[in-house]
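# Summary of the model geometry
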Amino acid sequence: MGHDLAQAFAPAREVFQEVDDALGQHLSKLIFEGPMDELTRTDNAQPALMAVSLAVLRVLEREGGLDLKRDVALVAGHSLGEYSALAATGALGVAQTARLLRLRGNAMQKAVPPGEGGMAALIGVGMDLERASALCAQAASFTDEAGQTHRQVLEVANDNGGGQVVVAGEMAAIDRVIALAKEQGVKRALKLPVSAPFHCSMMAPAAEEMRKALADAPINVPVVPVVANVTAAKVTQPDMIRDLLVRQVTGTVRWRESVDAMVAMGIDSFVEIGAGKVLAGLVRRINGDVATCSVGTPADIEAYLAAR
């Protein structure tokens, strides 16, 4: 990803170089060429996705005259995307964000031994936060051969809206919730190909590492408010941003509520910046009345600037 972007635009190349320098690694080569198994490792994927998002934004600003403070009312990002959103607003520097995301990825990977935790997507009409929470509560408990009842970690990780909720927890509990969801007629219940149970209490060691890393991290007032994952509300105060980034590691990503909150604040147009089109799709499923577009390639940039 990002290869055509770097070839076409000098501002994009500058961002990729800045990230490479910050990490002391040719991450851009991995972003452009793979191999995919290395790129998708969370310690690489997190700064890589941020780099592509900020490269696109830098092009829009330099080549297209976009002024975030003038032209944008709010920003938001899903999980690691919240760091990209903060970097976009100037609350965090690009190099600083790359280093924080590298640390975050390593901390999340180390928090739970491989194979002990996982995530599952529950998808279908009627699947919402309340139903997913009830399934988690039921599947978290099990009775052993001696008749004793035990409880494992199983929590809602992402409330994505549009009939899609992601849960995270101990692997045996993930297997139980998938079976239970299918028994109860959920259209799709599937294990996700992830390396750890993100956004649940099993990530507490990673949250503590991020607390230490963010304690002295310089954070500026963003030029536009950021809608935070864990509160689904606007935030501008640096100390609050710092606290919310720590809480985000173990907390639910409240994406559906975030979109609803932005619409309630008068937002009627959403522009997804970076690789892929997942967030624009989620926004459309949450609220079909708003306009959405995704900008991640040179062709997308050209189309977006032409339509402005």
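Quick note: structure is the one above.
Residues numbered from 1 in each chain as written. Predicted model: local features only at pLDDT ≥ 70, side-chain atom pairs only at ≥ 80, totals over all residues. Heavy atoms only, no water.

## Looking at the overall build of the chain
Note the cut-off: Each helix is a run of DSSP H or I of at least 4 residues and each strand a run of E of at least 2, with the numbering of both proceeding from the N terminus. Buried residues are those whose accessible area, probed at 1.4 Å on protein chains only, stays under 20% of the maximum for their type, while exposed residues exceed 50% and partly exposed ones sit between those limits. Contacts were defined at the residue level, with two residues in contact if any of their heavy atoms lie within 4.5 Å. Per-residue accessibility takes into account occlusion by the displayed protein chains alone, with areas from the Shrake-Rupley method and a 1.4 Å probe. Charge convention: Lys and Arg are scored as positive, Asp and Glu as negative, and His as well as the terminal groups of each chain are ignored. In plain terms, the charge of a residue is placed at NZ if it is Lys, CZ if Arg, CG if Asp and CD if Glu.
The number of helices and strands found in the chain is 15 helices and eleven strands. Counting only C-alpha atoms, the chain reaches 65 × 45 × 40 Å along its principal axes. Taking all 308 residues of the chain together, 51% fall into the buried category. A sequence separation of at least 24 residues applies to 68% of the contacts in the chain between residues at least 6 apart. Carbon and sulfur atoms make up 51% of the accessible area of the chain, which totals about 13,700 Å². Side chains of the chain carry 29 positive and 36 negative charges; the gap between the two charge centres is 1 Å.

## Some thoughts on the nonpolar core
Note the threshold: Nine residue types can take part in a nonpolar core, namely buried Ala, Val, Leu, Ile, Met, Phe, Trp, Tyr and Cys, and a core is a set of them joined through side-chain atoms within 4.5 Å.
By size, the foremost hydrophobic cluster in this structure holds 71 residues, and its most contacted members are Phe16, Val19, Ile31, Tyr83, Met203, Leu214 and Ile301. With ten residues, the top contributor of residues to this core is helix α5 (residues 42–64). With near-sequence residues (within four places) excluded, Phe16 lies in contact with Gly2, Ala6, Ser28, Ile31, Phe32, Ala51, Val52 and Ala55. Counting residues in each nonpolar core, the second largest holds 20 residues, with Met127, Cys136, Ala140 and Leu154 among its members.

## Observations regarding the packing of helix α9 (residues 129–139) against helix α10 (residues 171–183)
Cut-off, in case you're wondering: The axes are straight lines fitted to the C-alpha atoms, using for helices just the contacting stretch, and the angles between their N-to-C directions are given from 0 to 180°. Each angle is binned into one of four classes, with values under 35 degrees roughly parallel, values over 145 roughly antiparallel, values of 65 to 115 roughly perpendicular, and all other values oblique. Handedness of each helix crossing follows the sense of rotation of the near helix against the far helix: counterclockwise by less than a right angle gives left-handed, clockwise gives right-handed. Gly counts as polar in this scheme, as do all residues outside two lists: the nonpolar Ala, Val, Leu, Ile, Met, Phe, Trp, Tyr, Cys and Pro, and the charged Asp, Glu, Lys and Arg.
It is the contact of α9 with α10, at a shortest axis distance of 9 Å, that shows an interaxial angle of 125°. Taken together, the axis directions place α9 and α10 in an arrangement best described as oblique. Once α9 is placed against α10, the crossing between them reads as right-handed. Contacts between α9 and α10 involve Leu135, Cys136, Gln138 and Ala139 from the former and Ala173, Arg176, Val177, Leu180 and Ala181 from the latter. Among the residues forming the contact of α9 with α10, the class breakdown is seven nonpolar, one polar and one charged.

## Some points on the pattern of salt bridges
Going by this rule: Here, a salt bridge means any Lys or Arg side-chain nitrogen found within 4 Å of an Asp or Glu carboxyl oxygen.
All told, the structure shown has 14 salt bridges when counted by the stated rule. With its nearest N and O atoms 2.7 Å apart, the salt bridge here joins Arg70 to Asp71. Classification of Asp71 as partly exposed rests on a relative accessible area of 33%. Linked through salt bridges whose partners overlap, the residues forming this network are Arg70, Asp71 and Arg308.

## Details of the sheet that holds strand β7 (residues 188–191)
What counts is decided by this rule: A strand pair is defined by DSSP finding two or more bridges across the two strands.
Strand order across the open sheet formed by four strands is β5-β6-β2-β7, with antiparallel pairing between neighbours. Looking at the sheet topology across the chains shown, the edges are occupied by β5 (154–159) and β7. Strand after strand, the sheet turns through a mean of 25° between neighbouring axes, direction not considered. For β5 and strand β6 (residues 164–170), the ladder comprises five bridges, and the chain directions are antiparallel. Looking across to β6, one finds that Asp159 is bridged to Val165. Across the sheet, α9 touches β2 (117–123), β5 and β6, and the angle it forms with β5 is around 160°.

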